[in-house]
Amino acid sequence: MFHIQDTIVSLDILEKEFCCDLESCKGCCCIEGDAGAPLTDEEEKKLQAILPVLLPDMTKEARQAVEERGLSYFDPSGERVTQIVNGKDCVFARTAHNGWCYCLIEKAYNAGKIDFKKPISCHLYPIRLSEHPTFTAVEYHRWDICHCARVLGKKQHIPLYRFLREPLIRRFGQEWYDELCLTAEEWKKQQSLQ
């Protein structure tokens, strides 16, 4: 682990190779698991504000879940997460005719209907953040369903921090990301000398 500004970053962020392989996984990270996507309080408010734009495209089950249980809930660890359907599917996930899963939030953003791309936890995955009183931990989360992404990342030699450039800059800023890249280069030099 190493420090960058007010974060502590796992070495996995530099070492692991990763590249989403949607041809293989079809976006199943939105419909698998036992909880929704982590949300900040600010993101919860943003989603509440844009919900009228998203509701027409949500499934009947998703609309009912939001109506009955709310847009989000607190999981067993106390983290706010998006509401789910059938014990696993994010309420903002839809499945296309070809079997691919897609995010309604991102679809509306790409169509210019809203100014919010998606929760940062989704954008950053497989990086997970945990907030502490004096720092933010930036860690790699390994999930079996992402095996194809690890294979493709290794085949194409794409380090995780490079694959997630856009969301890392979105969350931490360009200066932080530039420092991360410098740290990665120094770390690679040290590894080559050993």
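Further up the page is the structure itself.
J.: Sorry, what's going on with the nonpolar core here?
T.: A general feature of soluble globular proteins is that nonpolar side chains tend to end up buried together. Counting residues in hydrophobic clusters, the biggest one holds 26 residues, and the most contacted among them are Y161, L168, W176 and L180. Mapped onto this core, the elements with two or more residues apiece are strand 1 (2-4), helix 1 (12-15), helix 6 (120-124), strand 10 (136-140), helix 8 (160-163), helix 9 (165-172) and helix 10 (174-193). For this core, the element with the highest residue contribution is helix 10, accounting for six residues. Among residues more than four places away in sequence, those in contact with W176 are I4, Q5, T7, V9, V138 and L168. M58, A62, C101 and F116 belong to the second largest nonpolar core, which has 22 residues in total.

J.: I tried to follow the pattern of salt bridges on my own but got confused; where do I start?
T.: Where charged atoms from two side chains of opposite charge approach closely, those side chains can pair. Scanning the entire structure with this criterion turns up eleven salt bridges. Put simply, K46 and D115 hold a salt bridge, and the shortest N to O gap is 2.6 Å. Highlighted residues: K46 in helix 3 (residues 41-54) and D115 in the loop between helix 5 (104-110) and helix 6, separated in sequence by 69 residues. On the basis of relative accessibility, which here comes to 27%, the residue K46 falls in the partly exposed class. By relative accessible area, which is 59% here, D115 ends up exposed. A salt bridge links K117 to E166; its shortest N-O distance comes to 3.3 Å. Within this pair, whereas K117 is found in the loop between helix 5 and helix 6, its partner E166 is found in helix 9, the two being separated by 49 residues in sequence. Taking the relative accessible area as the measure of exposure, E166 reaches 46% and is therefore partly exposed.

What counts, and where the lines are drawn
The numbers attached to residues start from 1 for each chain and follow its sequence in the written order. Local features in this predicted model are restricted to residues whose pLDDT is 70 or higher, and side-chain atom pairs enter the listing and the counts only when it is 80 or higher, whereas totals over whole chains, interfaces and linings include all residues. Just so you know, side-chain values use all the structure's heavy atoms and leave hydrogens and water out. Only buried residues count toward a nonpolar core, which is a set of Ala, Val, Leu, Ile, Met, Phe, Trp, Tyr and Cys residues joined through side-chain atoms within 4.5 Å. Only protein chains enter the calculation, and the probe is 1.4 Å; a residue is then buried if its accessible area is under 20% of its type maximum, exposed if over 50%, and partly exposed in between. Counting from the N terminus, the helices are the DSSP runs of H or I reaching at least four residues and the strands are the DSSP runs of E reaching at least two. Here, residues are in contact when the closest pair of their heavy atoms is within 4.5 Å. For this analysis, a salt bridge means a side-chain nitrogen from Lys or Arg found within 4 Å of a carboxyl oxygen belonging to Asp or Glu.

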